[in-house]
Amino acid sequence: MPTYDYDLFVIGAGSGGVRAARLTGALGKRVAVAEQVQVGGTCVLRGCVPKKLFVYSSEYSQNFRDAKNFGWSVDWARFDWPTLRDNVQNEVNRLSGLYLQNLEKSHVEIIDDRAIVQDAHTVRLTREGRSVTAEKILIAVGGHTYRPSETKGYEYGITSTDAFLLEELPASILIAGGGYIALEFATVFAGLGVETTIVYRGERVLRGFDHDIRAHVQNDMLRQGVKIICGSVIEEIAPLANGKKLAKLSNSMQVEADQVMWAVGRTPNTNSLGLGNAGVELTERGAVKVDAYSRTNVPSIFAVGDVTDRVNLTPVAIREAVAFVNTEYRGTPTATDHADIASAVFCSPPVGAVGLTEEEARAQGHKLKIFRTGFRSMKHVFAGNEQRSLMKLVVDAKTDVVLGVHIAGPDAPEMIQLAAVTVKARLTKAQWDSTCAVHPTAAEELVLMGEPVSHDNEAPA
Ligand code: NDP
């Protein structure tokens, strides 16, 4: 039996890497994790956590307006960007410290270095200039924001990572993309009073979400004053003498803004990681190719999280890491179940979705009953806030199983977590109907949708 320096060497201390390292270390194995930046990864340092704190901050402007009819006078409200920016950085550093402590408690060695794969059992620590060996190597290096280098002047565009650290709040911003990050940051900046424009190549934002939700979100963001330019991309960014940027769009429009931000997707961090040295196969998009057990084609090398480009969400990376530990160290082979994963977009109105969209269900051949309701919440009516909520259930006409739940409106991300339990459990619409409402809430509308807005003939066409 060859002897190795470690039982497990993890490259990348983000959500997936930390969980795998921690659990394996707690089992008494010799574990090291290498991190080139800071423990915490995208979610904690430059993703979910700071983003959500920024979203909370941006919501105050509307909350202050809503407060008036509730008897509050908040005319003194004033926003200070450095306070938010620095407090958020302090918070993510605090959380990073907790991650570090948890690793130490599990006896994981933390190596502050960029590690690359040298061969199937060897990792090179590039700053220290030494190599170490491990029986197993786990790749958990995540991804980074894609910037289209073929676009002239692309380097003048910032990314979401830069946005958290801006010296000052811009007066105007142009955001490229129509997905999660574009809409969330447009919501943040617009809420903070920044003149915000989205430029998106498709016809309607949030491709992949249910068409009713996409239309609802796009219309409401327009209503709130976010400009959305569809069917167009940025062809060039040029710096102007006044410090602003000029973006030339493919539809011949020109947009001048203090900042231009790329939110056109993320790319797995496999570049220069040495995976070729060990013969690890990649997908066409440069992600590490893995099976349901997160195994690569090299028996001693595994990968979890965004670097595998499966479902790029923190809780998924964590589940993949736990499944890896169960399989490799606890004697319980566990495949990660990627079906019916709920997700939320923290834009305004926020979105929660789980299961099949109407389009996906039809494409799979389901005959459907569609239930849909739109309303203004009691709080919004009272406040004079025009934002409406939309809820939609996609139900199989034959079996009555609820295949998909789609919500856009206040608290949608909170509601969708529980709706996901019912979709995962394949509960029927009748079971939803038999559940008594909680009053007065917006969520009660979910169990009060009596008649379908459309009902397919169940007989095959
Ligand atoms: P998304 O895939 O959500 O969106 C990318 C957007 O960029 C799409 O609108 C896409 O258009 C557009 N796009 C892609 N390539 C180009 C191009 N070359 N030129 C112009 N537009 C382009 O990626 P994000 O970067 O927003 O987020 C990355 C991932 O991170 C998400 O998919 C999600 O998994 C995760 N995430 C999750 C969050 C959450 O859970 N709340 C928050 C933030 C990120 P098209 O639609 O036509 O493809």
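Residues numbered from 1 in each chain as written. Predicted model: local features only at pLDDT ≥ 70, side-chain atom pairs only at ≥ 80, totals over all residues. Heavy atoms only, no water.

*Asks:* Teacher, can you tell me more about the overall build of the chain here?
*Replies:* Looking only at helices and strands, the chain features 13 helices and 22 strands. Since a compact globule built from 461 residues should have a radius of gyration of about 23 Å, the 24 Å found for the chain is in line with a globular shape. Along the longest, intermediate and shortest principal axes, the C-alpha atoms of the chain span 70 × 65 × 45 Å. Out of the 461 residues belonging to the chain, those deemed buried represent 51%. Pairs at least 24 residues apart make up 63% of the contacts formed inside the chain by residues separated by at least 6 positions. (Helix = DSSP H or I, 4+ residues; strand = E, 2+ residues; numbered from the N terminus. Rg over C-alpha atoms; globule rule 2.2 N^0.38 Å. Buried < 20%, exposed > 50% of the residue type's maximum accessible area, 1.4 Å probe, protein only. Contact = heavy atoms within 4.5 Å.)

*Asks:* Hey, could you run me through the site of the ligand in this one?
*Replies:* Not every one of the 19 residues close to the ligand is listed here, only the nearest: Ile181, Tyr200, Arg201, Arg207 and Ala344. Take Tyr180: an N or O atom from its main chain is 3.2 Å from an oxygen atom of the ligand. In this structure, an oxygen atom belonging to the ligand sits 2.7 Å away from a side-chain N or O atom of Arg207. Within the complex, 77% of the 910 Å² of free accessible area of the ligand lies under protein. With three residues, helix α6 (residues 180-191) is the single largest residue contributor to the shell around the ligand. Residues that form the shell around the ligand fall into these classes: nine nonpolar, five polar and five charged. (Near = heavy atom within 4 Å. Polar contact = N/O pair within 3.5 Å; in protein donor to acceptor, adjacent residues only side chain to side chain. Areas by Shrake-Rupley, 256 points an atom, 1.4 Å probe, with all protein chains shown as cover. Nonpolar A, V, L, I, M, F, W, Y, C, P; charged D, E, K, R; others polar.)

*Asks:* I'm lost on the sheet that holds strand β21 (residues 402-408) in this one. Help?
*Replies:* Across the sheet, six strands lie side by side as β17-β18-β21-β20-β19-β22; this open sheet has antiparallel pairing. The strands lining the two open edges of the sheet, one partner per strand, are β17 (343-345) and β22 (454-455). Two strands pair when backbone bridges link them, and strand β20 (residues 389-396) and β21 are joined in this way by six bridges, in the antiparallel orientation. If you follow Lys392 over to β21, its bridge partner there is His406. Where helix α12 (residues 412-424) meets the sheet, it contacts β17, β18 (351-355), β20 and β21, and its direction lies at approximately 10° from that of β18. (Pairing = 2+ DSSP bridges. Axes fitted to C-alpha atoms, helices over the stretch in contact; angles between N-to-C directions.)

*Asks:* In this structure, what is going on with a nonpolar patch on the surface? I would like to understand it.
*Replies:* The grouping of Tyr60, Phe64 and Trp76 at the surface amounts to a nonpolar patch, some 370 Å² of accessible area in total. You can see Tyr60 is positioned in helix α3 (residues 48-67). (Patch = residues over 30% accessible without salt bridge, like charges linked within 9 Å, V, L, I, M, F, W, Y side chains within 5 Å. Salt bridge = Lys/Arg side-chain N within 4 Å of Asp/Glu carboxyl O.)

*Asks:* Is there a simple way to explain the side chain of Thr428 in this structure?
*Replies:* Tracing the backbone through its elements, the reader meets Thr428 in the loop between α12 and α13 (429-433). Relative accessible area serves as the criterion here: at 19%, Thr428 is assigned to the buried category. Setting aside chain neighbours within four positions, we find Thr428 in contact with Thr399, Asp400, Val401 and Val402.

*Asks:* I tried to follow the pairing of strand β9 (residues 195-200) on my own but got confused; where do I start?
*Replies:* It is a general feature of regular strands that their side chains alternate between the two faces of the sheet. The buried fraction of β9 amounts to five of the six residues, a majority that puts the element mostly inside the structure. Alignment of strand β8 (residues 172-176) against β9, held across five bridges, turns out to be parallel. Bridge assignment links Ile173 to a residue of β9, and that residue is Thr196. You can see the chain leave β8, run along α6 and come back into β9, and the turn it takes is right-handed. Viewed along the sheet, the connection from β9 through helix α7 (residues 211-223) into strand β10 (residues 227-230) turns out right-handed. (Right-handed = clockwise from strand over helix to strand, strands pointing away.)

*Asks:* Before we go on, may I ask you to explain the environment of Tyr154 in this structure?
*Replies:* Mapped onto the secondary structure, Tyr154 falls in the loop between β7 (143-145) and α5 (160-163). On a C-alpha basis, the gap between Tyr154 and Ala247 in space is 9.8 Å, while along the polypeptide they are 93 residues apart. Those residues in contact with Tyr154 that lie beyond four places of it in its chain are Arg147, Pro148, Ser149, Ile237 and Trp262.

*Asks:* How should the confidence of the model for the chain be read in this particular structure?
*Replies:* The predicted coordinates should not be examined in detail at positions where pLDDT is low. For the chain, per-residue confidence averages 97 on the pLDDT scale, and 99% of positions sit at 70 or higher. Ranking the helices and strands of the chain by mean pLDDT puts β8 first, with 99, and β22 last, with 96. (pLDDT = per-residue confidence, 0-100.)

*Asks:* Teacher, can you tell me more about the nonpolar core here?
*Replies:* Across soluble globular proteins, you tend to see nonpolar side chains buried next to one another. Grouped together as the largest cluster of nonpolar side chains are 40 residues, with contacts concentrated most on Ile175, Leu183, Phe189, Val217, Met261 and Val351. Elements represented by at least two residues in this core include exactly α3, α4 (81-105), β8, α6, β9, α7, β17 and β18. The leading source of residues in this core is α6, at six residues. With sequence-adjacent residues up to four places away left out, Ile175 is seen in contact with Ala182, Phe185, Ala186, Phe189, Thr196, Thr197, Ile198, Val199, Met261 and Ala263. In terms of nonpolar packing, the next biggest core, distinct from the first, is built from 24 residues, Ile11, Ile111, Val117 and Ile139 among them. (Core = buried A, V, L, I, M, F, W, Y, C linked by side-chain atoms within 4.5 Å.)

*Asks:* In this structure, what is going on with unusual backbone geometry? I would like to understand it.
*Replies:* Glycine aside, a negative phi is what most residues show, and trans is what most peptide bonds show. A cis geometry characterises the amide bond from Ser348 onward to Pro349, with omega recorded as 0°. Along the polypeptide, Pro349 turns up in the loop between β17 and β18. A cis amide bond links His439 to the next residue, Pro440, at an omega of -5°. Residue placement: Pro440 occurs in the loop between α13 and β22. Phi is positive for Arg426, which is not a glycine, with a value near 55°. Along the chain, the position of Arg426 falls in the loop between α12 and α13. Under the relative-accessibility criterion, Arg426 is labelled partly exposed at 48%.

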